[in-house]
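Structure at a glance
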Amino acid sequence: MASRPTPAAVATWRFGQAAVRAAWPVLRSGGRALDAVEAGARAVEDDPEVDSVGYGGLPNAEGVVELDACIMDGSTLAFGAVAALSGVRNPVSVARHVMEHTPHLMLVGEGAARFALSQGFRRQNLLTAKSRHAYRNRPLRRPSFDGLAVREDWHDTVGVLAIDAEGHLAGACTTSGMPWKLPGRVGDSPLIGCGLYVDDTVGGVVCTGFGEEIMRQTSAAVMIEAMRRGRSPQQACREAAGRMAERCRREGLSAGAGFLALSRDGRVGAYGVHRAYFPYAVIQRGRERVIQASGILPPRAKHVKGGH
Ligand code: ASP
């Protein structure tokens, strides 16, 4: 019988360090990957300094912080998500409640908020002094969403994947999405097969970056199916990044995106569309590292947010 992989957690971006650090005690003590990824995602949601996730995330065009999040259990393919949720600090935990306490996979907007309150979550103002200031001083021109004028550097999702001592995998993804977005805009992050997919028989994959393009390409589905066909996590990420790079070349976009994967035997892969763009955090045997993923296209203009 194949030996069990060593527990591990990986997370997108440099601030993913806080996520893997919060996930590790759960994994080390023999806990579930599902609890580990939720703990990891919450650590970043709670950090007011991270302006693209949870509390302190940058608001939409009307000054309201709208959050997207999801969580997936690779052992059962159970999935829960919330989108355009406002007034609740930890959307990943609301997503978990959707998964565990409803027959549905996703709740959005006011319905998601009402559900959260019914489950005991507190309503809270998610704007901080810093994000309110950023909103007041936002550029007058809203991102155009035509893929050309949109500021692709204005996002950063924390995606967390973990494998536990039982060999089960789970993933979570949480973001405030694109700043100054149209109210009700939903990105890839809470969408199964776009921002996240996890299957114990294969592995887990998570995406971050320009959500409209990730959705168009169902990048998580592309990656998990590549791994199912025997591709390594690195090859799967390279394939998703390659498709995006091809679109960029063809359409003249500069869509930034990063792809991260963890296989059921504990191998990690990551790729950015651009070089020197996508750092990610890994923890294994208690050792934490931040690694810069390879990329395909030349480095983009300086990435201004997300601590990287
Ligand atoms: N993908 C997210 C979105 O478009 C944001 C990000 O990962 O940077 O909402």
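Residues numbered from 1 in each chain as written. Predicted model: local features only at pLDDT ≥ 70, side-chain atom pairs only at ≥ 80, totals over all residues. Heavy atoms only, no water.

1. Looking at the packing of helix α1 (residues 16-28) against helix α2 (residues 33-45)
The cut-off we apply is this: Fitting a line to C-alpha atoms yields each axis, with helices limited to the stretch in contact; the angle taken between N-to-C directions then spans 0 to 180 degrees. A run of H or I in DSSP counts as a helix once it spans at least four residues, and a run of E counts as a strand once it spans at least two, with each numbered from the N terminus. By definition in this entry, angles of less than 35 degrees are roughly parallel, angles greater than 145 are roughly antiparallel, angles of 65 to 115 are roughly perpendicular, and the rest are oblique. The crossing is said to be left-handed when, going from far helix to near helix, the turn is anticlockwise and less than a right angle, and right-handed when the turn is clockwise. It only takes one pair of heavy atoms within 4.5 Å for two residues to be counted as in contact. The classification used treats Ala, Val, Leu, Ile, Met, Phe, Trp, Tyr, Cys and Pro as nonpolar, Asp, Glu, Lys and Arg as charged, and all other residues, Gly among them, as polar.
For the pair α1 and α2, the least separation of the axes is 7 Å and the interaxial angle reads 150°. With respect to their mutual orientation, α1 and α2 come out roughly antiparallel. For the element pair α1 and α2, the recorded crossing hand is right-handed. The segment α1 lies against α2, with Ala18, Ala19, Ala22, Ala23, Val26 and Leu27 engaging Ala33, Asp35, Ala36, Ala39, Gly40, Ala43 and Val44. Looking at the contact of α1 with α2 residue by residue, the class counts come to 11 nonpolar, 1 polar and 1 charged.

2. Remarks on the site of the ligand
Basically, it comes down to this: The nearness test applies per residue and asks whether one of its heavy atoms lies within 4 Å of the molecule or strand. Distance and chemistry together define a polar contact, namely a pair of N or O atoms within 3.5 Å, with one atom able to donate a hydrogen and the other to accept it when in protein, and with adjacent residues in sequence counting only for side-chain atoms on both sides. Surface exposure here means Shrake-Rupley accessible area, sampled with a 1.4 Å probe, where a residue is shielded only by the protein chains that are shown. A pocket here means an open set of points on a 1 Å grid, computed over the protein atoms alone, that has protein on both sides within 12 Å along at least five of seven lines. A cavity is instead a set of points where a 1.4 Å probe fits but cannot get out; residues with an atom within 4 Å of a point line either one. Just a note on the criterion: a molecule sits in a pocket or cavity if more than half of its atoms are within 2 Å of the grid points.
Lining the immediate surroundings of the ligand are 12 residues, of which Asp156, Thr157, Asp188, Thr208 and Gly209 lie closest. Residue Asp156 places a main-chain N or O atom 2.6 Å away from an oxygen atom belonging to the ligand. Protein contact buries 100% of the 270 Å² of open area that the ligand shows by itself. In a pocket analysis with a 2 Å cut-off to the grid points, the ligand is assigned to the largest cavity. The residue makeup of the shell around the ligand, split by class, is no nonpolar, 9 polar and 3 charged.

3. A word on the sheet that holds strand β3 (residues 78-85)
Put simply, the test is: DSSP-based pairing: two strands are paired if at least 2 bridges between them are found.
Taken in spatial order, the 8 strands make up an open sheet running β4-β3-β2-β6-β5-β1-β11-β12, and their pairing is mixed. In this open sheet, the two strands that pair with only one neighbour each are β4 (106-108) and β12 (287-292). Looking at each pair of strands side by side, their axes are set apart by 10° on average, direction ignored. In this fold helix α3 (residues 91-101) packs onto β2 (67-73), β3, β4 and β6 (169-175), with an angle of close to 130° to the strand it touches most, β3.

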